[in-house]
Amino acid sequence: MPPGSENPGSATPGSAPRPFATWSKPMALAPSPPPGCPHTGPARRTVVQAAALAAAGLTAGLASTARAAEAPVLPAAGPLAGAATGPARRDTDPAALPLRTDRDSQGDILAGFRKDHACFLFLHFGDAEKARRWLTDLLPSISTTEEVARFNRAFSRARRRSGGIDPVSMATLWTGLGLTHPGLRLLAGKEPFPAAPPGSSAEAFTQGCAARAQQLGDTGTSAPESWLFGSEESGPAVHAVLTLAADQPERLAVAVAEHRAAAAGADGTVLFRQDGATLPGALRGHEHFGFLDCISQPGVRGFDEPDPADPTGVLGKPGTRLIPAGEFVVGPERVNKRPTGLPAWATGGAFQVVRRLAQDVPGWWTQVALRLAELQRAGAAPADAGREWLGARLMGRWPGGMPVALCPAAEELPVPGKHPDAGLDYSQDPQGWRMPLFAHIRKGNPRGGLVLTPGRPPVAQAELDARRLMRRGIPYGPVYKPELGEEHGPQSPRGLVFVCHQSDLVGQFELVMRKWVNEPDFPAGRNPRTGCDPVLGPDSPIAFETPSADGTGSRANTLSFSRFVRTEGSVYAFSPSLPVLRALAKGELDDSIEFHAASVLHPGDVLDAGKARLTLDSSGDLTLLDTKGTRTWRTYTGGAGHDAVLKDGELLVRDAGGATVWSSGTGGHPGARLLLRRSGELVIVDGKRVLWKASAS
């Protein structure tokens, strides 16, 4: 429902009051937090950057104060590594940034909850009808993009006016919901995917993290057998991941208690509870290894304000590219306008990955010190270098956030008003002499310097946009400081809750893990091989390259790195739109495959609805095929068909020059949708009205 359309604290006469009423809505004035309680509001950081693409994939009712322009918040460094304050932004015409007023999508996907405290409840339900009633009661508290974006802007504006001090009078709590494949199936009462083609996100989501552990690198001490959640082979499946995020731990504690009670009343069980919090003091905004985190988040077209001097970049963040929103939310335009092939229920939502990554802080830094000594003996590192010198090269950033490529000799703090990544580009560093090829942030985001084959030009930056992730993680556990007591020693669990959103599980998250982070031969074709990511990846030798003495070549020292970041739990979920959640609360789910208006169907693309498949065949005809591959319907273009689009409610087949060679004749309906139903019907609908239909019969 639209923000502000319902007072969650009131109830219809004679009805029971809704649970969560006292704390579920955004932006409330609150007392100052107690001493020692950190608070950053929208400046919350993420962890574990995983944005990449595989080599094989490279071919182609808030208060009035919420109406404010958002200042750039402190950014962040790679997957395990935060930012500098940017220039003030001007207010933007809402029409220019339509995604900021989206009342249907969940708020953590594009806007980001960005709170100091978070709790993730992994839930299982024993009864479908009770679970639907639980979802009905939960719906009013789920935070939308509009709500979160407005609050974040207001908070940032207040912070800017106070000279960078967080406005303690502004506090809120956000709620998000992700449903796993078993959870969707339980609520809908049927299989949510009419088909799960091999290699598709539907297949990956259906199988789940545990079944795909081998290819994700979750082996050995990271294998599912030792997971705290998500393994499910010997226990009940996770149905839902409830995310609660707040400025104040006391408010979060109340919310968690009420949600636990509500789930229990619906025959629900909390299989696991994961708490997270921003690290305190000097480590604020950092992850447990000590590096400032989350500097390189992507910008989103239609949500982030473009820079007038560079329309492809984000205002106030030089070097941050604006990426089509369809890479993070299903439905809008994607890079190269590729069709998603996903069901209609996925529109407006995003795949969510939630992982618990344990960090052995003393183990990792001890290893860094030992490898540094090896480099110093070989004359490949300065004799007076400290362990941070090598640690920064492994991460790709100094602890304060500056990339080593921009200040290789020693750490420099970010310049106020200038983004740390301004000017960061690897295209002039193909050997990795300034930014090592194995560096965590370079593995995760190669920018303009990805060379697939030595001697060939780098891959265009635009080709990498389709592999970015929207990261929303948070650290967990106490800071490693044994001098503070046993709780801060090596035996206490600590690490990060890695969370990311994307529209393509396989082409985004899985690709970076499988093809980049865990692949020792990436970038490919080098001798010796680059090695795996020494921060996040498995045991692996890495090639530490430095220029030769005469400057005409390079020399490589091989260093062995063991894994000190373990996977202790992993779940694939999906964050549906609010309209889809309302339908699920009634046991309804539209599993038709949707072809979005922002997509283009090219020869070879297939939309698979199980009993029927839609494709543009080699003859240029739009064609329906049955399960045996028999053609049951086709257009007739005389071999002129080049692609197919949905425009203004009309399905068009176009020739190579863009001229229409076939049409459904249904123009003038800009809100119409094209659906391939499980029954085999291809329909164009406007609301509930069918404008056009083609059928196998």
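This section reports on the structure supplied with the text.

### Describing the packing of aromatic side chains
Next up, step 1: Under the defined criterion, the tally for this structure stands at 24 aromatic pairs.
Next up, step 2: Considering the side-chain rings of Phe125 and Trp134, the 4.7 Å spacing of their centres and the 45° angle between planes classify their relative orientation as tilted. Like Trp134, Phe125 is buried.
Next up, step 3: With a centroid separation of 5.0 Å and an interplanar angle of 80°, the aromatic rings of Trp364 and Trp365 are classed as edge-to-face.

### Details of the sheet that holds strand β25 (residues 650-654)
Next up, step 1: Taking strand neighbours across the sheet as the criterion, the 4 strands line up as β19-β24-β25-β26 in an open arrangement whose pairing is antiparallel. Only two strands of the sheet have a single partner each, and these edge strands are β19 (600-601) and β26 (660-663).
Next up, step 2: As defined by bridge partners, β19 adjoins strand β24 (residues 643-647) across 2 bridges and the pair is classed as antiparallel. The residue of β24 that forms the bridge with Leu601 is Ala644.

### A few points about the nonpolar core
Next up, step 1: Core analysis: the largest hydrophobic core is formed by 99 residues, its most contacted members being Trp134, Leu177 and Leu584.
Next up, step 2: A per-element tally of this core places helix α12 (residues 505-517) first, with 8 residues.
Next up, step 3: Residue contacts for Leu177: discarding those within four places in its chain leaves Gln106, Trp134, Leu135, Leu138, Ile142, Ala240, Val241, Leu242, Phe574, Ser575, Pro576 and Leu581.
Next up, step 4: If you look at the next biggest cluster of nonpolar residues, it comprises 36 residues, including Leu110, Ala149, Ala245 and Phe272.

### Section: the sheet that holds strand β29 (residues 689-694)
Next up, step 1: The strand order β18-β27-β28-β29 describes an open sheet built from 4 strands, whose pairing is antiparallel. The open sheet has two edge strands, β18 (593-595) and β29, and neither has a second partner. Mean inter-strand twist for the sheet, computed between neighbouring axes without regard to direction, equals 30°.
Next up, step 2: In the sheet, strand β28 (residues 682-686) pairs with β29 via 5 bridges, with the strands oriented antiparallel. Note on β29: the bridge partner recorded for Leu682 is Ala694.

### Description of the packing of helix α8 (residues 361-377) against helix α9 (residues 387-395)
Next up, step 1: Between α8 and α9, the least distance of the axes is 9 Å, while the angle of their chain directions is 105°. Regarding the angle of α8 to α9, the classification is roughly perpendicular. Contacts between α8 and α9 pair Trp364, Trp365, Val368, Ala369, Arg371, Leu372 and Leu375 from the former with Arg387, Glu388, Trp389, Leu390, Gly391 and Leu394 from the latter.
Next up, step 2: When the residues that make up the contact of α8 with α9 are grouped by side-chain class, the tally is 9 nonpolar, 1 polar and 3 charged.

Rules and cut-offs
- Residues numbered from 1 in each chain as written.
- Predicted model: local features only at pLDDT ≥ 70, side-chain atom pairs only at ≥ 80, totals over all residues.
- Heavy atoms only, no water.
- Phe/Tyr/Trp six-rings, centres within 6.5 Å; stacked < 30°, edge-to-face > 60°.
- Buried < 20%, exposed > 50% of the residue type's maximum accessible area, 1.4 Å probe, protein only.
- Pairing = 2+ DSSP bridges.
- Helix = DSSP H or I, 4+ residues; strand = E, 2+ residues; numbered from the N terminus.
- Core = buried A, V, L, I, M, F, W, Y, C linked by side-chain atoms within 4.5 Å.
- Contact = heavy atoms within 4.5 Å.
- Axes fitted to C-alpha atoms, helices over the stretch in contact; angles between N-to-C directions.
- Parallel < 35°, antiparallel > 145°, perpendicular 65-115°, else oblique.
- Nonpolar A, V, L, I, M, F, W, Y, C, P; charged D, E, K, R; others polar.

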